[in-house]
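So the chains spell out like this:
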Amino acid sequence: MDKLLITGGKRLSGDISISGAKNAALPILCAGLLTGDTVHLSNVPLLQDVATILKILRQIGLRVEQDGDRIAMNGGAIDKLEAPYELVRTMRASILVLGPLLARFGEAKVSLPGGCAIGSRPVDQHIKGLQAMGAEVHIEAGYIHAKAKKLKGTRIVTDMITVTGTENLLMAATLAEGETILENAAREPEVTDLANLLVAMGAKITGIGTDRLVIQGVDALHGASHKVIADRIETGTFLCAVAASGGDVTLTNARSDILDVALDKLREAGAVITTGADWIRVQMAARPKAVSFRTTEYPGFPTDMQAQFMALNCIAEGGSRVTETIFENRFMHVQELNRLGAAIDIDGHTAIVQGVERLVGAPVMATDLRASASLVIAGLAAQGETLVDRIYHLDRGYDRMEVKLSGVGADIRRVKQ
Ligand code: EPZ
C-alpha cells in the first residue's frame, strides 16, 4: 500500500496545472450510454475513480478509446444492462449508469452502492424520481432492478438537494416521453457541465444552473464533443496548501468563477488572491487567520473543501468553528489532525478548532478522499516528517498530487510498500 512521505516547512512557488473535474467526468462518461453515436471528450482527469467507471462502462458494452485526457466513447453496442457489486461498492458514483440504461434500454440492474466512510449515502431519491417517471423498481439481494417500457416525463421534487440524484434523473429525462421538471435540483457546476454536454448531444434542457431544470424528452441523442470543466475542488485544495505552507503559486487551466465562497474565505484568512480567465494566483506571506464556515450546497462553501480548510484553520491565529451540514460523518480527519498536534473538538456537526503555532509531523492514516487531502496539507505545514498511509483514497480523486506539489517546491514523495 503506497504512502506519502512529507517533510514540512517548505514555502511553495511556481505554477500548477489543474485537471478536469472528477465529479463532472463521472456523470459525463455515463452519458455515453445515452447514444449510439460517438462522444469525444477532452480534459478527462487521470484518476482511479475514472478508471473504475470506465471498467463498469466497458463491461456494459460502451466502446471506449482513451488517449491521455482524451476519450472517445460509443454506445452503439451496449449488450449488458448491469453494474456489478464488486465494482459499484468501490465507487458510489457508479449509480449514475442507472438513469441512462433505463432511459435508453428500458431496463437496468445496478448494485446498491452501500455506504462509505462519510455517511450512509442512500439513493432513495434516485429511485423515487425514476418511479415517478413510471419505472418499476425493486431491490433484491443488494441490487436495484428497474424496468420501464418508456419513461414518462413528470414533475419531481427531491426531498433534499442531491448532486448525483439530479444527474441521474436529468439523464433519464432526456429520453423520456414529454416534459420533466426537476425541482430542488442541484446547481453544482458539475451538474451544469453535464447538462451542457447533454444539450450538445441534442437534449432539450432549460433552467441550466438553476434549481429548476425543465427537460423535453427527445427520441434519441447524437454524438458531440466536450471539454470537461476544471476541477474546483482540486483548485481549492491547492489554494489551501499554499495558504498553509506560505508562498506564491499560480493555478493554470483553472476556473475562478465557480469557487467564490472558498476564495472569499481564503482572503479572510489573509491570502492575496488574484484571478484571470483561466488562472488563479495565491500569495501567502504570514500565518493564516482562523476563519469559521459552514458547508452548504452550491453556491455555498463546498462540503468537499471542508477537510482541507480545516487543516488551514489548525495552524491559524485564533479559533474557528467548522459546521458540516451535508454529510453525517465527515469529520474522520479530525482525529488524524489531532495526532499532528492540532487542537480540535467535535460538538455534533461542528468542529471547534483552536489554532496552534506549529503542527509536528507524525504517521497518519487517510480515511476518505478529502480527509487524505487534508492530511497532506497539514503535513506540508508541520515541522518534520509526516507519513500518510492508505493514500489509495487520495488517488481516487487527485491526479498525481505529489508530482504537482513537488513541482512547486514541496518535499513530498510516494513511498511504495
Ligand atoms: C456528490 O455526491 C459528490 N460526488 C460528492 O463528492 C459531494 O460531496 C456531494 O455530491 C455533495 O456535494 C460526485 O459527484 C460523484 P448528494 P452525492 O446526493 O451525489 C443525501 C468527493 O469528495 N441523499 O448530493 O452522493 C446524502 O446522504 C465526493 O468528490 C439522500 O439522503 O451526494 C447526503 O447527506 C464525496 N438520498 C446529501 O443527500 C439520496 O437519494 C447530499 O448527497 C441522495 C442523497
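Structure shown above.
The shown structure was predicted, so the numbers you read here are calculated from the model rather than taken from an experiment. Sequence positions are assigned chain by chain, starting from 1 and proceeding in written order. In keeping with the model being predicted, local features are shown solely for residues with a pLDDT of at least 70 and side-chain atom pairs are shown and tallied solely at 80 or more, while totals for entire chains, interfaces and linings include all residues. In computing side-chain properties, one takes all heavy atoms of the structure into account and sets aside hydrogens as well as water.

Draft legend 1. A look at the pairing of strand S11 (residues 179-183). Think of it in three bands: residues with accessible area under 20% of the maximum for their type are buried, residues over 50% are exposed, and the middle band is partly exposed, with areas taken using a 1.4 Å probe on protein chains only. Think of it this way: any DSSP run of H or I at least four residues long counts as a helix, any run of E at least two long counts as a strand, and we number them from the N terminus. Of all five residues in S11, four are buried; the element is thus mostly enclosed. In this structure, strand S10 (residues 155-157) lies alongside S11, joined through three bridges in parallel fashion. The residue of S11 that forms the bridge with Ile 156 is Leu 182. Assignment of crossover handedness uses the view with strands pointing away from the viewer, where a clockwise path from the first strand over the helix to the second indicates a right-handed crossover. Read from S10 through helix H6 (residues 163-174) to S11, the crossover connection turns out right-handed. In this scheme, strands are said to pair when DSSP sees at least two bridges between them. Sheet analysis places S11 next to strand S13 (residues 212-216), joined by five bridges and oriented antiparallel. Note on S13: the bridge partner recorded for Glu 183 is Arg 212.

Draft legend 2. Just the nonpolar core, in detail. Among the buried residues, those of types Ala, Val, Leu, Ile, Met, Phe, Trp, Tyr and Cys that are joined through side-chain atoms within 4.5 Å form a nonpolar core. Ranked by size, the top nonpolar core spans 75 residues in total, and within it Leu 29, Leu 34, Val 97, Leu 151, Leu 170 and Leu 198 carry the most contacts. Sequence-distant contacts of Leu 170, defined by excluding residues within four places in its chain, comprise Leu 182, Leu 194, Ala 195, Leu 198, Ile 205, Leu 213 and Ile 215. The next biggest cluster of nonpolar side chains, apart from the first, holds 69 residues, and it includes Leu 12, Ile 315, Val 364 and Ala 366. Contacts were defined at the residue level, with two residues in contact if any of their heavy atoms lie within 4.5 Å.

Draft legend 3. Structural detail: the sheet that holds strand S19 (residues 319-323). Ordered in space as S18-S19-S21-S20, the four strands form an open sheet in which the pairing is mixed. Edge positions in the sheet fall to strand S18 (293-294) and strand S20 (343-347), since each has one partner strand and no second. Strand direction decides the pairing type here: S20 and strand S21 (residues 350-354), joined by five bridges, are antiparallel. Its bridge partner being in S21, Ile 344 is matched across the sheet by Val 353. Here, axes are lines fitted to C-alpha atoms. For helices the fit covers the stretch in contact, and angles between N-to-C directions go from 0 to 180 degrees. Relative to the sheet, helix H10 (residues 306-314) contacts S18, S19, S20 and S21, its axis offset from that of S21 by approximately 25°.

Draft legend 4. Broad picture of the pattern of salt bridges. Criterion for a salt bridge: a side-chain nitrogen of Lys or Arg within 4 Å of a carboxyl oxygen of Asp or Glu. According to the stated counting rule, one finds 21 salt bridges in the structure shown. Between Arg 396 and Asp 49 there is a salt bridge; the shortest N-O distance is 2.7 Å. Linking Arg 396 in helix H13 (residues 392-397) with Asp 49 in helix H2 (residues 48-60), this pair joins segments that are 347 residues apart in sequence. Two residues, Arg 330 and Asp 304, come together in a salt bridge whose shortest N-O distance is 2.7 Å. Of this pair, Arg 330 sits in the loop between S19 and helix H11 (332-339) while Asp 304 sits in the loop between S18 and H10, and the two are 26 residues apart along the sequence. Salt bridges here are not isolated pairs; linked through shared partners, they connect Asp 2, Asp 395, Glu 402, Arg 414 and Lys 416.

Draft legend 5. A look at empty space enclosed by the protein. A 1.4 Å probe that fits into a set of points on a 1 Å grid over the protein atoms alone but cannot get out defines a cavity; an open set with protein on both sides within 12 Å along at least five of seven lines defines a pocket, and lining residues are those with an atom within 4 Å of a point. Grid points are joined across faces, edges and corners, and a volume is the space filled by probe spheres set on the points. All told, the structure shown has three cavities of 30 Å³ or more when counted by the stated rule. In this structure, the largest cavity encloses a volume near 50 Å³. Lining the largest cavity are Ile 258, Leu 259, Asp 260, Val 261, Ala 262, Tyr 298, Pro 299, Gly 300 and Pro 302. Of the pockets and cavities examined, the second largest cavity occupies roughly 40 Å³. Among the elements of the structure, helix H1 (22-30) and helix H8 (232-245) are those that each provide at least two residues to the lining of the second largest cavity. Each residue is assigned to one class: nonpolar for Ala, Val, Leu, Ile, Met, Phe, Trp, Tyr, Cys and Pro, charged for Asp, Glu, Lys and Arg, and polar for all the others, Gly among them. Classifying every residue of the lining of the second largest cavity gives two nonpolar, one polar and four charged.

Draft legend 6. Region of interest: the site of the ligand. Close to the ligand lie 22 residues, the nearest being Gln 125, Thr 162, Thr 164, Asp 304 and Ile 326. Polar contacts here mean pairs of N or O atoms no more than 3.5 Å apart (in protein, one a potential hydrogen donor and the other a potential acceptor; neighbouring residues in sequence count only if both atoms are side-chain atoms). At a separation of 3.4 Å, an oxygen atom of the ligand approaches a polar backbone atom of Pro 122. Note that an oxygen atom of the ligand is positioned 2.6 Å from one of the side-chain N or O atoms of Asp 304. With the chains in place, 88% of the 820 Å² that the ligand exposes on its own is no longer accessible. Elements that contribute at least two residues to the shell around the ligand include exactly H1, helix H5 (124-132), H6 and helix H12 (369-381). Ranked by the residues each element gives to the shell around the ligand, the list is headed by H5, at three residues. Looking at the shell around the ligand, its residues break down into nine nonpolar, six polar and seven charged. Whether a residue is near a molecule or strand depends on its heavy atoms: if one lies within 4 Å, it is near. All accessible areas in this document rest on Shrake-Rupley with a 1.4 Å probe, and a residue is counted as covered only by the protein chains that are shown.

Draft legend 7. Local environment of the layout of surface pockets. Quantified by volume, the second largest pocket comes out at close to 260 Å³. What lines the second largest pocket is a set of 16 residues, among which Ala 244, Ser 245, Gly 246, Ile 315 and Arg 358 lie closest to the centre. Elements represented by at least two residues in the lining of the second largest pocket include exactly H8 and H12. If you tally residues by element for the lining of the second largest pocket, the top one is H8, at three residues. Considering only residue class, the lining of the second largest pocket consists of eight nonpolar, three polar and five charged.

Draft legend 8. Geometry of the side chain of Thr 162. Tracing the sequence through the fold places Thr 162 in the loop between S10 and H6. At 2.9 Å, the side chain of Thr 162 and the backbone nitrogen of Gly 165 are in polar contact. Non-local contacts of Thr 162, meaning those with residues more than four positions away in its chain, are made with Gln 125, His 126 and Ala 186.

Draft legend 9. Layout of the sheet that holds strand S12 (residues 204-206). The strand order across the open sheet built from four strands is S10-S11-S13-S12, with neighbouring strands paired in mixed fashion. Each edge of the open sheet carries a strand with a single partner, namely S10 and S12. Ignoring which end each strand starts from, the neighbouring axes of this sheet average 15° apart. The strands that H6 touches are S10, S11, S12 and S13; relative to S13, the one it contacts most, it runs at about 25°.

Draft legend 10. Focus on H1. Among the nine residues in H1, eight count as buried, and that is most of the element. Of the positions making up H1, those classed as buried are Lys 22, Ala 24, Ala 25, Leu 26, Pro 27, Ile 28, Leu 29 and Cys 30.

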